[in-house]
Amino acid sequence: MAQALLLKDDGYDRLAINVHMLGAMVAAGTIEDPARVELIEGELAVCTFVSRNEGRVKAKLLHQLANQVPTSFEVLARVSIRLDDYNEPMPDICIARAGVTTDVLHPNDCVIVIEVSEATACKDRLLKAPLYALAGIPELWIVDLSMSETIVHRGPTSAGWSDVVSVPFGQELVAAFDGSVRVVV
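Throughout what follows, the structure given in this document is the object of discussion. (Residues numbered from 1 in each chain as written. Predicted model: local features only at pLDDT ≥ 70, side-chain atom pairs only at ≥ 80, totals over all residues. Heavy atoms only, no water.)

Within an α-helix, residues lying three or four positions from one another point in the same direction, as the helix has 3.6 residues per turn. Here helix α2 (residues 52-66) contains 15 residues, and its C-alpha end-to-end distance of 21 Å stays within 8% of the 21 Å for a straight helix at 1.5 Å per residue. When we look at burial in α2, the residues that qualify are E54, V57, K58, L61, Q64 and L65. The arc that holds the buried residues of α2, viewed along the axis, is 130°, so those residues lie on one side. Facing away from the buried surface of α2 by more than 90 degrees, the exposed residues are R52, H63 and A66. In this fold, the buried residues of α2 make contact with β5 (73-77), β6 (93-97), β7 (110-117), β8 (139-144) and β12 (182-184). (Helix = DSSP H or I, 4+ residues; strand = E, 2+ residues; numbered from the N terminus. Expected span 1.5 Å × (residues − 1). Buried < 20%, exposed > 50% of the residue type's maximum accessible area, 1.4 Å probe, protein only. Arc of directions from axis to C-beta. Contact = heavy atoms within 4.5 Å.)

The tally for this structure, following the rule as stated, stands at eleven salt bridges. Ionic pairing is found between R78 and D92, a salt bridge with its closest N-O pair at 3.7 Å. Of the two residues, R78 sits in the loop between β5 and β6 while D92 sits in the loop between β5 and β6, which places them 14 residues apart along the sequence. The class of R78 is partly exposed, set by a relative accessible area of 32%. R125 serves as the salt-bridge partner of E149, at 3.2 Å between the closest nitrogen and oxygen. Placement of the pair is E149 in strand β9 (residues 149-157) and R125 in helix α3 (residues 121-135), with a sequence separation of 24 residues. One salt-bridge network, in which partners are shared between bridges, spans E38, E115, K123, D124 and K128. (Salt bridge = Lys/Arg side-chain N within 4 Å of Asp/Glu carboxyl O.)

Let us now look at the environment of T71. Its place among the elements puts T71 in the loop between α2 and β5. Sequence separation between T71 and R82 is eleven residues, and the spatial gap between their C-alpha atoms is 24 Å.

What follows is the structure in structure tokens.
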């Protein structure tokens, strides 16, 4: 099997890392804290530390969601989703079907993925959102703290999202998978 190459504009070709290589690095102790690393387009990305404001918003969302999500689902924080062999992002919050027994989720396990962004808003919009759509994640919320809005993505396609709307903070967000799940950022 040939090793995939990452072709970059700087003239250097790089070897792509896949999920199996990442697992081997974690098992060997090469990556000391796997909770701080996600795999995006064959490259390891170090997750930034959470600001106090991000932490506050994540806690608020987790509390609201945990009190509303039906028991057939669970609200998870910082769990990896294997989108394909070269993409295993770790969203801030995920609502997944209950009963999944693997440590890493798959796209069909998830009904909503939530990214809470301050410094990473551009990366979440330009890199992660298309990957989530291509994998068929039904709904993505990017809570953009710098813009005081949540960008709600629905209708994933191979070309992106068919429905994207901006919801200002203070207005209610309603989950597509269950209209009784409602939160306010």
